[in-house]
Amino acid sequence: ADCRYTCHQECRSLIQLDCRRPGQCQGQLSPESTLLPPCSQNVTQTVEEEKPEPPTVQEIKQKIEKYNAKVTNCLLMKLNDDGTYTGFIKVHLKLRRPVTVPAGIRPQSIYDALKEVNLAEMTDKRTSFYLPLDAIKQLHISSTTTVSEVIQGLLKKFMVVDNPQKFALFKEMRKDGQVLFQKLPLTEYPLYLRLLAGPDTDVLSFVLKENETGEVEWDAFSIPELQNFLMILDKEEKDKIQQVHRKYERFKQRLQQTLKEARGKPG
């Protein structure tokens, strides 16, 4: 009532008030009293969305049959006896920063994959390089595979040893001629999203990008990575300076050529 503290409905159990004004708030406000009444003026009431009921096995079966009917390749979904299902998703890699990988490690063989050999653990040497921009990786996953597991699986396939928290999976959608990106929570199930959207990647596709949270968490990077970033920024700065110099040098040459041609003309 005095400090006008407000919070979300779902956050009230987490609120612990520590008022500094004796006799006013301390010991008198409960978490329930920090909520604005539903009819308060000039306040937008937050309505908690009701989570839809999970689909039944029969509904999943119908969706899979409808999905497979639209598939133009062999990447079909398969329903298991326990109600789970498996299928394929394609992930576009759009990473602007270099990744860290083990140095001097041979490519992973089928034997290594079957034996789950982690080649990254065979050496402490590290190097950084850029993954091909907009490369596409196809994954065979289950309906129980989460976004977090997809990210970890991608990093393992490319032997990337960076912290998985540096990356995020986005869904890319096209609407009214615009490309929209939405970051997926780590607990989301990508295969279910693929099932709902259908096999057309123009409707929905998945993209792996850097986990941009507003401010960069530099503490998550090692010293060699930070030094590498400084080298990259220095190179980008020099390249930008050269682009500006070339741009105005061309303007200067055109202006000089125009003046030269105009000297012999009257007026």
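None of the values given here were measured: they were computed from a predicted structure.

Enquirer: Please explain the overall build of the protein as it appears in this structure.
Expert: Broken down by element type, the protein carries 5 helices and 8 strands. For the protein, the α and β elements follow one another from N to C terminus as α-β-β-β-α-β-β-α-β-β-α-β-α. Across the 267 residues of the protein, 26% fall into the buried class. In the protein, of all internal contacts separated by at least 6 residues, the share reaching a separation of at least 24 is 67%. For the protein, the exposed surface amounts to about 19,900 Å²; the carbon and sulfur share of it is 51%.

Enquirer: Hey, could you run me through helix H5 (residues 223-262) in this one?
Expert: Side chains that are three or four residues apart share a direction in an α-helix, a result of its 3.6 residues per turn. In this model, H5 (40 residues) spans 59 Å end to end at C-alpha, consistent with the 58 Å of a helix rising 1.5 Å per residue. Residues of H5 that are buried include every one of Glu 225, Asn 228, Phe 229 and Ile 232, and no others. Those residues of H5 hidden inside the fold are in contact with strand S3 (99-102) and strand S4 (126-129).

Enquirer: Quick question: what am I supposed to make of the nonpolar core here?
Expert: Where a protein is soluble and globular, its nonpolar side chains tend to be buried together. If you look at the biggest cluster of nonpolar residues, it comprises 30 residues, and the most contacted ones within it are Ile 89, Val 91, Phe 167, Leu 169, Phe 206 and Leu 208. For this core, the secondary structure elements donating two or more residues are helix H1 (57-70), strand S2 (85-93), S3, strand S5 (135-142), helix H3 (147-157), strand S6 (167-175), helix H4 (190-197) and strand S8 (205-210). Per-element accounting of this core gives the leading share, 5 residues, to H3. With near-sequence residues (within four places) excluded, Leu 169 lies in contact with Val 91, Val 147, Val 150, Ile 151, Gln 182, Lys 183, Leu 184, Pro 190, Phe 206, Val 207 and Leu 208.

Enquirer: What is the right way to look at a nonpolar patch on the surface in this model?
Expert: A contiguous nonpolar surface patch, about 300 Å² in accessible area, is contributed by Val 244, Tyr 248 and Phe 251. Within the secondary structure layout, Phe 251 lies in helix H5. With a relative accessible area of 40%, Phe 251 lands in the partly exposed category.

Enquirer: How should a positive patch on the surface be read in this particular structure?
Expert: Taken together, Lys 240, Arg 246, Lys 247, Arg 250 and Arg 254 make up a surface patch of like positive charges. Tracing the backbone through its elements, the reader meets Arg 254 in helix H5.

Enquirer: Would you mind showing me how to read the packing of H1 against H4 here?
Expert: The geometry of a pair of packed helices is captured by two quantities: the angle between their axes and the separation between those axes. Direction vectors running N to C along H1 and H4 enclose 65°, while the axes themselves pass 9 Å from each other. The element H1 and its partner H4 pack so that their crossing is left-handed. In contact with Ile 60, Lys 63, Ile 64 and Tyr 67 of H1, H4 contributes Tyr 192, Arg 194, Leu 195 and Leu 196. Among the residues forming the contact of H1 with H4, the class breakdown is 6 nonpolar, no polar and 2 charged.

Enquirer: Which parts of the structure should I look at to understand the confidence of the model for the protein?
Expert: For residues with low pLDDT, the predicted coordinates do not support detailed interpretation. Averaged over every residue, the pLDDT of the protein is 77; the share at 70 or more is 69%. In the model, residues 22-49 has pLDDT below 50 throughout and makes 24 contacts with residues more than four positions away in sequence or in other chains.

Enquirer: Even after reading the chapter, I still don't get the pattern of salt bridges, so can you show me in this structure?
Expert: Pairing is possible between side chains that carry opposite charge, provided their charged atoms lie close to one another. Tallied over the full model, the rule gives 5 salt bridges. The closest approach of N and O atoms between Glu 172 and Arg 174, which form a salt bridge, is 3.4 Å. Among the salt bridges present, the one from Asp 239 reaches Lys 235, with a minimum N-O distance of 3.1 Å. Of this pair, Asp 239 and Lys 235 both sit in helix H5, 4 residues apart, which is roughly one turn of the helix. By sharing partners, the salt bridges in this structure join Lys 94, Glu 172 and Arg 174 into a single network.

Enquirer: Please explain the side chain of Lys 171 as it appears in this structure.
Expert: Along the chain, the position of Lys 171 falls in strand S6. One buried charged side chain, Lys 171, makes no salt bridge at all; its nearest oppositely charged neighbour is Glu 188, positioned 6.5 Å away. Beyond its immediate stretch of four places on either side in the chain, Lys 171 contacts Leu 180, Phe 181, Gln 182, Leu 184, Leu 204 and Ser 205.

Enquirer: Before we go on, may I ask you to explain unusual backbone geometry in this structure?
Expert: The phi angle of most residues is negative, glycine excepted, and most peptide bonds adopt the trans form. Positive phi outside glycine occurs at Met 159, with the angle close to 55°. Its place among the elements puts Met 159 in the loop between H3 and S6.

Rules used in this analysis
Chains are numbered independently. Their residues run from 1 in the order of the written sequence. A pLDDT threshold of at least 70 governs which residues receive local features in this predicted model, and a stricter bar of 80 or more applies before side-chain atom pairs are shown or counted, although totals over entire chains, interfaces and linings include all residues. Side-chain numbers here rest on the full set of heavy atoms in the structure, without hydrogens or water. Here a helix means four or more residues in a row that DSSP labels H or I, a strand means two or more in a row labelled E, and each is numbered from the N terminus. Relative accessibility thresholds used throughout: buried, under 20% of the residue-type maximum; exposed, over 50%; partly exposed, between the two (1.4 Å probe, protein chains only). Contacts are assigned to residue pairs that have any heavy atoms within 4.5 Å of one another. The Shrake-Rupley method, run with a 1.4 Å probe sphere, supplies the accessible areas, and residue values consider only the shown protein chains as cover. Expected span of a helix, by definition, is 1.5 Å for each gap between consecutive residues, and there is one gap fewer than residues. The set of buried Ala, Val, Leu, Ile, Met, Phe, Trp, Tyr and Cys residues whose side-chain atoms join them within 4.5 Å is what this entry labels a nonpolar core. Exposure above 30% relative accessible area and no salt bridge define the residues that can form patches, which grow by joining like charges within 9 Å and nonpolar side chains of Val, Leu, Ile, Met, Phe, Trp and Tyr within 5 Å. We count a salt bridge whenever a side-chain nitrogen from Lys or Arg sits within 4 Å of a carboxyl oxygen from Asp or Glu. Under the counting rule used here, the positive set is Lys and Arg, the negative set is Asp and Glu, and His together with the chain ends is not counted. By convention, charge coordinates are those of NZ in Lys, CZ in Arg, CG in Asp, or CD in Glu. Fitted lines through C-alpha atoms serve as axes, helices being fitted only where they are in contact, and the angles separating the N-to-C directions of these axes extend from 0 to 180 degrees. In this scheme the crossing of two helices becomes right-handed for a clockwise turn of the near helix relative to the far one and left-handed for an anticlockwise turn of less than a right angle. Throughout, the ten residues Ala, Val, Leu, Ile, Met, Phe, Trp, Tyr, Cys and Pro are labelled nonpolar, Asp, Glu, Lys and Arg are labelled charged, and all others, Gly among them, are labelled polar. As a per-residue measure, pLDDT tells how confident the predictor is, with possible values from 0 to 100.

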